[in-house]
Amino acid sequence: MYSRNGKYAVCFCLAFLFISSAPLFALYNRYGIPDSSEIRKDLIETWFEAPLSSVRMNRPEIRENSVGQKFQIRLEESEDSFNIFVAPYARIEVDIYSDKGRSTELQDVFPGDGAGSWLLVRDKKTGAPSSIRYYFAADSEVFVQFTPASKTAFADFIIYGLYASRGVPTGLSFSRFYTASFEEIVKWTSGMLPWQYTRIHTDGYHASLQMIYYIRQKQSSILYTEDAMYDENGESVYISTGEARPVQPEEKNKQVLSGAGFLKWIADGIIEPLTGGKSKREPLLMQTVSYKDTGFQGVLSQKYNLSFSLDWVRNLATAIYSVRTGRNYLYNESGVDVTVEPFAAEITSQGIRNLSGFIKDSGYPATALMPLLYVLAATEPETFYFAAIRETDRRSPEVKVFNECAAIFPYFDGRGHFKCAVFKDGLEIPFDEFYSRYCKEYVFLTRARCTEQFFPD
């Protein structure tokens, strides 16, 4: 069972408060991010093209653009490269916890990876440029970068370590990006790069937040118990047999649920206000995967249910979709499976490698889950996901089985920061904890629309 609250000695809460209050995600100005293009026009000779020995002589500078936005120009060195930042002004709220309690301080900073930051990376030995990076999102792990080639610059679009686009020829010289505004690069690459993956709407998640809030309020009344759920009559039964469960004294005034029963409880919170009744047990157990009889998995499947949680989340999402459309669907007719493949490659400690992407009846590698959920939150707002986890017993021969499941709610907060609420076995757990446990596994997602008419028992 997971801990409800983590304990930390010191917690830093960073909130970038930019000058502009314009909405996020449209073009420049409408993006609401500071623009340094006019400042960069005066930095080419002294910073961008000067030898390292000369650049080292430059002191950090603070300049303002024509609308009064401040930027700091500075040098930072690493072992093999040196970086030139043109970074916008921001104020950071720092919450510090100590024996005396919590204190909050405001600090003036120029974050090198804040929205509106521009970064030039140059080789330390030769001085040649390696890349230019534009940070445009509230999350610093989302950016676009350009690398030089003989006659053109190539573009990369990166979201949380995965390439949504990689090595796209722009037809423009690399030096054009020394002075290009963010508005210009969006215009130049509008047909090349997947900007739609990062067009977020901070006010588009009301139903998501309401469902998250309600589940959080109810989780203290949920008692996790293996193989437990409530049937269509509200009676506590075993998932495996459908037989009634004897109610124990400690279960009084509690919702007694297994991990799968908890997901059904969420689904019923959507279904019951629309139909007046809860979902039935039998259709949720309908098998959605077929195995080869001669294969090892097929032989095991004749004795064990290897696809339990996968079947469960597919049938739950289909039940919700059927109720909302007024027509009964089988899972393979409903389109509830998430099968999108927005990424081509990933950045690893060993370098860049191709990404396997979606695999039928297996899902996605957990390493792709965070960037995938970011894209889904942007392209499918007000949607949550039932997740089935495929775990592998890596003894020889390997056994792959779907037993565990969760509900995941990705969204963007009012500042445009990506958030992800994960509920498993009746409790909310931090995404990092969920990832740490299942980072070597596969996760299958099915989708369901969020609703403000959400009333589980």
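Residues numbered from 1 in each chain as written. Predicted model: local features only at pLDDT ≥ 70, side-chain atom pairs only at ≥ 80, totals over all residues. Heavy atoms only, no water.

A separate point is the overall build of the chain. When its secondary structure is counted, the chain shows 12 helices and 22 strands. For the chain, with 457 residues in total, the buried portion stands at 51%. Nonlocal contacts in the chain, meaning residues at least 24 apart in sequence, comprise 62% of its contacts between residues at least 6 apart. Surface summary for the chain: the accessible area is close to 22200 Å², and the carbon and sulfur share equals 48%. (Helix = DSSP H or I, 4+ residues; strand = E, 2+ residues; numbered from the N terminus. Buried < 20%, exposed > 50% of the residue type's maximum accessible area, 1.4 Å probe, protein only. Contact = heavy atoms within 4.5 Å. Areas by Shrake-Rupley, 256 points an atom, 1.4 Å probe, with all protein chains shown as cover.)

Regions with low pLDDT should not have their predicted coordinates read in detail. Scored by pLDDT, the chain comes out at a mean of 89, with 89% of its residues at no less than 70. Of the regions scoring below 50 in pLDDT, residues 1–29 engages in 71 contacts with residues more than four places distant in sequence or in other chains. (pLDDT = per-residue confidence, 0-100.)

Before going further, it helps to spend a moment on helix α5 (residues 206–218). Between its terminal C-alpha atoms α5 stretches 19 Å, which fits the 18 Å expected from 13 residues at 1.5 Å a residue. Buried residues of α5: Ala207, Ser208, Met211, Ile212 and Ile215, and no others. Buried positions in α5, seen along its axis, are confined to an arc of 135° and lie on one side of it. Facing away from the buried side of α5 by over 90 degrees, the exposed positions are His206 and Tyr213. Elements in contact with the buried residues of α5: α6 (259–275), β18 (383–393), β19 (399–412) and β20 (418–424). (Expected span 1.5 Å × (residues − 1). Arc of directions from axis to C-beta.)

The six strands are arranged β17-β22-β18-β19-β20-β21 in an open sheet whose pairing can be described as antiparallel. Taken across any chain shown, the strands that pair with only one partner, and hence form the sheet edges, are β17 (364–365) and β21 (427–429). Where β18 and strand β22 (residues 442–449) come together, eight bridges link them in antiparallel fashion. Residue pairing across strands places Phe386 opposite Thr446, the latter belonging to β22. Where α6 meets the sheet, it contacts β18, β19, β20 and β22, and its direction lies at approximately 40° from that of β19. (Pairing = 2+ DSSP bridges. Axes fitted to C-alpha atoms, helices over the stretch in contact; angles between N-to-C directions.)

With antiparallel pairing, 10 strands are arranged side by side in an open sheet as β1-β2-β3-β6-β7-β8-β9-β10-β15-β16. Every other strand in the sheet has two partners, leaving β1 (61–64) and β16 (351–354) as the edge strands with one partner each. On average, each strand axis in the sheet is tilted by 25° relative to the strand beside it, whichever way the strands run. Across seven bridges, the pairing between strand β2 (residues 70–77) and strand β3 (residues 81–88) is antiparallel. The residue bridging Gln72 from the neighbouring strand is Ala87, located in β3.

Attention now moves to unusual backbone geometry. Its identity is not glycine, yet Tyr160 carries a phi of approximately 50°, on the positive side. By the secondary structure assignment, Tyr160 is in the loop between β9 (153–159) and β10 (162–169).

A word on the nonpolar core. Tyr134, Ile159, Leu373, Phe386, Phe409 and Leu445 are the most contacted members of the largest nonpolar core, which has 120 residues in total. At nine residues, helix α11 (residues 369–379) tops the list of elements feeding residues into this core. Beyond its immediate stretch of four places on either side in the chain, Ile159 contacts Glu141, Val142, Ala164, Tyr197, Thr198, Phe343, Pro371, Tyr374 and Val375. With five residues, the next largest nonpolar core counts Tyr135, Phe143, Tyr163 and Ala345 among its residues. (Core = buried A, V, L, I, M, F, W, Y, C linked by side-chain atoms within 4.5 Å.)

Time to look at the pairing of strand β5 (residues 101–109). Direction of pairing for strand β4 (residues 90–98) relative to β5: antiparallel, over a ladder of nine bridges. Bridge pairing in β5 places Asp95 opposite Thr104. Hairpin connection between β4 and β5: a loop of two residues separates the two successive antiparallel strands.

All told, the structure shown has 30 aromatic pairs when counted by the stated rule. Taking 6.0 Å as the distance between ring centres and 50° as the angle between the ring planes, the aromatic pair formed by Phe136 and Phe157 counts as tilted. Note that Phe136 is positioned in the loop between β7 (129–135) and β8 (142–148) and Phe157 in strand β9, a separation of 21 residues in sequence. Of the residues examined, Phe157 reaches a relative accessible area of 0% and is grouped as buried. Considering the side-chain rings of Phe409 and Phe423, the 5.9 Å spacing of their centres and the 85° angle between planes classify their relative orientation as edge-to-face. With Phe409 in strand β19 and Phe423 in strand β20, the pair connects residues that are 14 residues apart, well separated along the chain. For the pair shown, Phe409 and Phe423 are each scored as buried. Ring pairs connect the aromatic residues Tyr160, Tyr205, Tyr374, Phe412 and Phe418, which therefore count as one cluster. Across the ring face of Phe143, the terminal group of Arg133 is positioned such that the distance to the ring centre comes to 3.9 Å. Directly above the ring of Tyr163 sits Arg166, whose terminal nitrogen or CZ lies 5.8 Å from the centroid. (Phe/Tyr/Trp six-rings, centres within 6.5 Å; stacked < 30°, edge-to-face > 60°. Lys NZ or Arg CZ within 6 Å of the ring centre and 35° of its normal.)

Glancing now at the packing of α5 against α6. Between α5 and α6, the least distance of the axes is 12 Å, while the angle of their chain directions is 130°. The orientation of α5 relative to α6 falls into the category oblique. Crossing geometry of α5 relative to α6 is assigned as right-handed. On α6, the residues that touch Met211, Ile215 and Lys218 of α5 are Phe262, Trp265, Ile266 and Ile270. Taken together, the residues that form the contact of α5 with α6 break down as six nonpolar, no polar and one charged. (Parallel < 35°, antiparallel > 145°, perpendicular 65-115°, else oblique. Left-handed = near helix turned anticlockwise from the far one by under 90°. Nonpolar A, V, L, I, M, F, W, Y, C, P; charged D, E, K, R; others polar.)

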